[in-house]
Amino acid sequence: MERFKKLVTLGISIAVLFLFGACGGEKSGVETDKNEVNTYLGSGIKTLDISKATDANASFIFTQVMEGLTRVSVDERGQDIILPGLAESWETSEDGLVWTFYLRDSKWWDGSELTAEDFVYSIKRTLDPATASQYAFILSPIKNAMEYNSGKAKADDVGVAALDEKTLQFTLKSPTGYFLDLTYYKTLHPQRRDVVEKYGDRYGATMESLIANGPFVVKEWIPNNKVTLVKNENYWDKDNVRIDQVNVQVVQDTNAQMNMLLNGQLDIAGVSKQEWVKKFEETGRFNVVKGYTAGSNYTFFNLDDGIFKNDKIRKAFSLSITREDMGDVIFKGIFESAYGWVPPKIQIAGKEFRSEVPEPLKQLKDESPDPRELLAEGLRELGMDENPENLRVSYLNTGTNDWSRTFFEYIQQMWKKTLGVEIEGIFVEWPVFQKMIDEKDYQLAGMAWIGDYNDPSTFLDIWKSDAGIYNTGFKNDRYDELIEMAGVEVDQEKRLEYFREAENILLYEESAIAPSLYRKRNTFISKRLGGITIPLFGGMDYKTVYIVEDED
Amino acid sequence: MLRYILKRVGIMFLTLFIIITMTFFIIRAVPGDPLSSMARNLPEQVKINFYAKYGLDQPLFVQYLKFMKNLFMLDLGESLVYPGRSVAENIKRFSPVSARLGIQAVIFGFTTGVSFGILAAFKRNKWPDYVVMFLAILGVSIPGFVTASLLQYYFTVKIPLLPTTGWGTTGHTILPTIALAFGSVAAYARYMRANVLDVLHQDYILTARAKGVPRFSLIWRHVIRNAILPVITILGPQIAGIFIGSFVIEKIFSIPGFGFNYVSAIQNRDFSMILGQTIFFAALYITALLVVDILYGLVDPRIRISGKR
Amino acid sequence: MEKILEVRDLGISFHTYAGEVEAVRGVSFYLKRGELLAVVGESGCGKTVTSKSIMKLLPDSTVEIKKGSEVRFEGRDIIKLGERELEKVRGKEISMIFQDPMTSLNPTMKIGDQIGESLMIHKKLSRREARKKTLEMLAMVNIPDPEERIDSYPHEFSGGMRQRVMIAIALSCEPKILIADEPTTALDVTIQAQIMKLIKNLQKKMGTSVILVTHDLGVVAGSADRVQVMYAGKVVERGTTDEIYYNPKHPYTWALLKSVPGAGSQKKSELYSLKGTPPDLMNPPKGCPFAARCDYCMSVCIEREPEETVSSGTHGVRCWLQHPMSPEVKNPITGGVR
Amino acid sequence: MKSNETDKTVQLTPDMFVIEGCSTIGAEEINRPEITYWEDAWRRLKKNRVAFGALLLLIFLLVMTATGEYMGGYSHEVTDSAIRNMWPDKTHWFGTDELGRDLFSRVWRGGRVSMLMGLLGATISTFIGCIYGGVAGYYGGRTDNIMMRIIEILTTIPYLMVVILISLYFGKGIFPLILAMTATGWCGMARLVRGQILQVKEQEYVTAAIALGAGPWRIITRHLLTNTLSIIIVSITFDIPRFIFAEAFLSYIGLGVQAPDTSWGALASASQQNLMFYPYQLFFPALMIALTMLSFTLLGDGLRDALDPKLRQ
């Protein structure tokens, strides 16, 4: 037995040594003296092919390694501003249909000259049906773009042309108020024909096939693991790029992100939990940047449902959402109550939409302070039992994690308390959710919408009856008309008015959807970093970031 | 023996064929397609172009034949969600990561588990037995994510010894290995304990003792060899499971492995990726089981392997 | 002949969920160099427990060896030996063959390795030497084609062959004592005789002392030098084979002899069958344990346990019938009186 | 010795030496009463204090899952934003969760589903696994080959897809839940049992039983399975927590418990993001799972000892 005991002990110690001993001499990446920034992505990048990229992770990389006609930044008031990028200047025709961009002299990373043709090629490639780009629709304001994408027009018909090496001209289908906001968007970045053709379908999928023209270049890309970016010496504005390297790790788990921010392996992270916020604040090592993310959480109704076809019932459900409490309990006090649909910071006519247009639901709330009464009225109109306790409705949830369950349990209790209604939860996987929405196999459903570009239309267009995005059964002729008018109107003030009315119809008159919260973020940034800008769209830009010298 | 193996390999291909066919039609019967991963509904034209590009607009059976034809030429196709990445390339990239982690975890789990089990059996109803049982219960009642999170917090934040997440150095593998093995140590230990107790009651152990076989050799040559068989049964699927990785552990430690990839392929409805990975996994799994069956014969000569059986 | 083994006042109890079972209650006997001692009795009489205790093979967890028990082998008390020392006795000095050859061999080891194992342990032979010796042993126990069978696994052998292997294992190190616990019980009759003959031959050849444990007096007849009959954890009669066969004195011995065809009872058609079952050793009777089944039971038998009456130097009986006060009884075997 | 004997002889009287034949005290009567296999097993189980304690613990857990919910005086579903994430105290014995619900009542409420699923899942998968593995191992050859290949097919087809199909075709409720849980859950047990059967079926008593004309069913259930009991029991004890967690996973795709109802698995996984700050939210459900498993492990060990013919004395 003695020998046996020894053997077991030996075995265990070998195992432990094997596990712990092997790690000597390796550093865990906590390096604070270098001119580098450590950041993360929440998941792997799907592709870095500009035409095919769809995910936010790719957008983040493009922000650092690419540059479009313009670059987005943030002004002193925290509003997004558009700065010249590759385009030194631009002009618009009277009717707002023709946009001409004058490019500065700039080079690709490999030293070759960047020309207007690179933009034309990129756009036409995205629109080519054979590319099957999922974001082709972003280019729909360009004349004949959608026609080419659906095979009804030829590539040459598309309203984009290189007038000369350095002059790029767009012809639009209709005056598009937000067109300039698309010019920094990833789908309007230039592409190199020779590189794309060399790699074919594998362009953007491997490190070798990448080509950059922005502040940084990709030095290393290990899919689902990490991306290393280094300063691009051929970038036209390289003198203003102050860091040498950005280390981007893929960190999927939120707790892991927090741990890494705490132990210094990350310099920056979004923090959405009050407990962590407190912990980070206590360390005194971080600056906090709070901001909106151009998104709203909402509940939507199936307007063809026997109960929710009644607008009073919809209003009752919408008004009885305890938005402040929900923001506090479910979203840790970070998200903000939404009584409107278009979130703050979205701009139109150089102004913030939300500060110009009061939130429609606030008015509704003032007029109908008792949602229970509204519900009873609605039920009476439908000839149903007025007692809300006899009403059972179902709520369709997506998401296969604990959070969606907690969220549902909250709103279930919320409506039980505020309206006295029983809510039954249905949980499905996202693709099944989509299917059930398409088939109108639901009563209530919960979602979030994140805008694509800085214009109210990115929020309001989707409820046009033929938009085909979400099948709610909402159809209002005036609403459709307003959206169409806003789409072709050049005068931004008028567009603002159209959108004001449209939002009023959507929320005040019809209550087709019930927004609950505006999404916000809470970013903790190490005090060693300066010059951080987090615009509403486009994501964090490391071009302007620098390492703060030790001042103490 | 050779005939037996050849026959089993033949059957293996038949089994694989059935698995592929069933998987192909099951994933198509489930709602959703690769565009679902977009988390938003896309305009109709985008969908049409996408389906046309990947042949998803064709009748299902035609797609099936096309897939089988390509498969026959050893072409697993291209990912539908990660444009430009071939399925084979993805497997080649991610499975070694999961494999390394898995092999470490199985070696660690198996050796410690089996040692613990033997220890518990010989010290039955004494404190080592209780400690092993306590660990076993802990290992199974505490979900993997808890072990992983705690290890991560204590060894990367409290005592910053190791990198928190990522992959690349040996240091990166230590915590995930322990977290991954934690539950299986318990299983191995409990099975081994039960078997050892069974074997200890066998007459041939008495014979061996009567021969004056020293304790150590008794345990090693007579007890363990006879007791380890059922543990090999659970080892087989575990070895195959190595390559498929663990979703939870890979997520918490952000390991670019097969497990996370497999689950996200399913969630994204990346048809070709699901199929490719299923084929890869199934082939490994079946091979592992074949190896286990052969191992059985080696460990226990009573179970003869022959072509006839 | 000197006494190679001496067991004194051996008491063994099993502790079970139900309580303490006194399996062996004060057994004393000896074994001389080169002799064959047969221990006879029904199952459950304690004979197997006794034989296992000689090598201290009983499980520690449930078995208690009573204080005062002694198993003296060449002067040493085996009961007091530690596991390390025991390992040097087992297989080398004393070895054992078990009842069931089907389960007594390790199924996952080649039989050659199982034989060679003891040689390598005790004789410190190299692998090659052990193999050579193993082949000799296989030949000695009459296994055909030893060269071929040495690499076989137990399941490839018949019962008789396996028992031969067991014997080869037991005798490989030329032990001083061989304990054969019902070595033939699980085998069919023709094989039984062969195995017994083999044991006997090898005993003569190697000069080994043998303790043959059996329930079958028939097996004993031709081979044993001395016999001791056990009942309910006690030795009820002991003597030379001739004494037991031709002058048995205990009613239990009579019953055993009457139930053996060809031995004791003259008429084969009248095989005797003993009624009832042995007493519950969890609660042993205070009198003679056989009283309840004894045709000659007297009230003293129930009240008090008989002491051993030694009639010649070798013949001892525990029975009240031997008491001067008891009535005279006709010996059903010899026809004699008392 | 000698003196002792003389001493005794003195008290002996001739009347004690009269042959009475087979004793008045019947031989049969002295013997222990005949006990059946199951009675004996039960008797020995009762004698085994640890196992009996485990049985009591299990009964306690069962009683608490039935009644514990009402003992603290709080509902398992009512949220209260004012008392979120409270550590255990006098009013909320297990603390509260992130919606301010009383964890004491939630833990016991959750125990209902978890206990049911753990037991039912383990029972069903053990039942199917034993029969399937038993048949495959017993018949061997082609039957075994085909049956094992079926298992391979079942275990390699993407499970999530199968579960989604089940939820689409059978909706929600107890039946689809059990179906989804056991669809592949029994395969491990079947493989384990088959491996054991292969090992024991070569033994002589099986041959003997076949020779005596026992049918395959009887041989598998009486001879083969009883001899693999210890492994089966260990496997069951591992199956129970496995199914408890499987239920939690299935509830994400709408199959498990319906909100606001809960289960131990769901409670445990909901606590993940709060682990660093409110470890008690994990502690209590995990403790219950551990206690359940502990009681089954100890009971299993006791049962094994009680049922194992080899240990029967």
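Structure shown above.
All values derive from a computational prediction rather than experimental measurement.

> Would you mind showing me how to read the overall build of chain A here?
The secondary structure content of chain A amounts to 18 helices and 21 strands. In terms of overall dimensions, chain A is globule-like: its C-alpha atoms have a radius of gyration of 26 Å, near the 24 Å expected for 552 residues. The principal-axis extents of the C-alpha atoms in chain A amount to approximately 85 × 75 × 50 Å. Scored against the burial criterion, the 552 residues of chain A give a buried share of 61%. In chain A, of all internal contacts separated by at least 6 residues, the share reaching a separation of at least 24 is 67%. Summed over all atoms, the accessible surface of chain A reaches about 20,900 Å², with 48% contributed by carbon and sulfur.

> Teacher, can you tell me more about a nonpolar patch on the surface here?
All names here are of chain D. Residues L116, L168, Y169, F170, I174 and F175 make up a contiguous nonpolar surface patch of about 640 Å² in total accessible area. Put simply, the parts of the chain that give the nonpolar patch at least two residues each are α7 (159–170) and α8 (174–182). Per element, the largest residue contribution to the nonpolar patch is three residues, and it comes from α7. Tracing the sequence through the fold places L168 in helix α7.

> Explanation requested: the nonpolar core in the structure shown.
Within soluble globular proteins, side chains that are nonpolar tend to cluster in buried spots. Membership of the largest hydrophobic core comes to 218 residues, with the highest contact counts inside it found for F170, F317 and W341 of chain A. A per-element tally of this core places helix α13 (residues 271–299) of chain B first, with ten residues. Counting 106 residues, the second-largest nonpolar core is a separate cluster that includes V21, I199, V220 and V300 of chain C.

> Help me out: how do you make sense of the interface of chain D and chain A in this one?
Size of an interface, as often reported, equals the accessible area lost when the parts are brought together. Across the contact, 33 residues belong to chain D and 31 residues belong to chain A. Taking both sides of the interface into account, the surface hidden between chain D and chain A amounts to around 2,700 Å²; carbon and sulfur atoms contribute 47%. With its nearest N and O atoms 3.1 Å apart, the salt bridge here joins E77 of chain D to K416 of chain A. Counting the contacts that link chain D with chain A gives nine residue pairs in polar contact (both at pLDDT 80 or more). Broken down by secondary-structure element, the contributors of at least two residues to the side of chain D that touches chain A are α7, α12 (229–252) and α13 (264–270) of chain D. Looking at side-chain class alone, the side of chain D that touches chain A contains 15 nonpolar, ten polar and eight charged residues.

> Before we go on, may I ask you to explain the packing of helix α12 (residues 360–367) of chain A against helix α18 (residues 492–509) of chain A in this structure?
How two helices pack is summed up by the angle between their axes together with the distance between the axes. Residue and element names in this part refer to chain A. Across the interface, α12 lies against α18 with an axial gap of 8 Å and an inter-helix angle of 35 degrees. The handedness of the crossing between α12 and α18 comes out as right-handed. Residues P360, L361, Q363, L364 and E367 of α12 form the contact with α18, whose participating residues are E503, N504, L507 and Y508. Grouping the amino acids of the contact of α12 with α18 by side-chain chemistry returns five nonpolar, two polar and two charged.

> So what exactly am I meant to see when it comes to a positive patch on the surface here?
Together, R84, K88, K92, K123 and K124 of chain C make up a positively charged patch on the protein surface. Along the chain, K92 of chain C falls in the loop between α2 (83–89) and β7 (94–97).

> Could you clarify how one ought to interpret the environment of P358 of chain A in this entry?
Within the element layout of this structure, P358 of chain A appears in the loop between α11 (353–356) and α12. A sequence separation of 142 residues divides P358 of chain A from R500 of chain A, and the C-alpha atoms of the two residues are 8.8 Å apart.

Procedures and definitions
Residues numbered from 1 in each chain as written. Chains lettered and ligands numbered in written order. Predicted model: local features only at pLDDT ≥ 70, side-chain atom pairs only at ≥ 80, totals over all residues. Heavy atoms only, no water. Helix = DSSP H or I, 4+ residues; strand = E, 2+ residues; numbered from the N terminus. Rg over C-alpha atoms; globule rule 2.2 N^0.38 Å. Buried < 20%, exposed > 50% of the residue type's maximum accessible area, 1.4 Å probe, protein only. Contact = heavy atoms within 4.5 Å. Areas by Shrake-Rupley, 256 points an atom, 1.4 Å probe, with all protein chains shown as cover. Patch = residues over 30% accessible without salt bridge, like charges linked within 9 Å, V, L, I, M, F, W, Y side chains within 5 Å. Salt bridge = Lys/Arg side-chain N within 4 Å of Asp/Glu carboxyl O. Core = buried A, V, L, I, M, F, W, Y, C linked by side-chain atoms within 4.5 Å. Buried area = accessible area lost by both parts, 1.4 Å probe. Polar contact = N/O pair within 3.5 Å; in protein donor to acceptor, adjacent residues only side chain to side chain. Nonpolar A, V, L, I, M, F, W, Y, C, P; charged D, E, K, R; others polar. Axes fitted to C-alpha atoms, helices over the stretch in contact; angles between N-to-C directions. Left-handed = near helix turned anticlockwise from the far one by under 90°. Lys, Arg positive; Asp, Glu negative; His and termini not counted. Charge placed at Lys NZ, Arg CZ, Asp CG, Glu CD.

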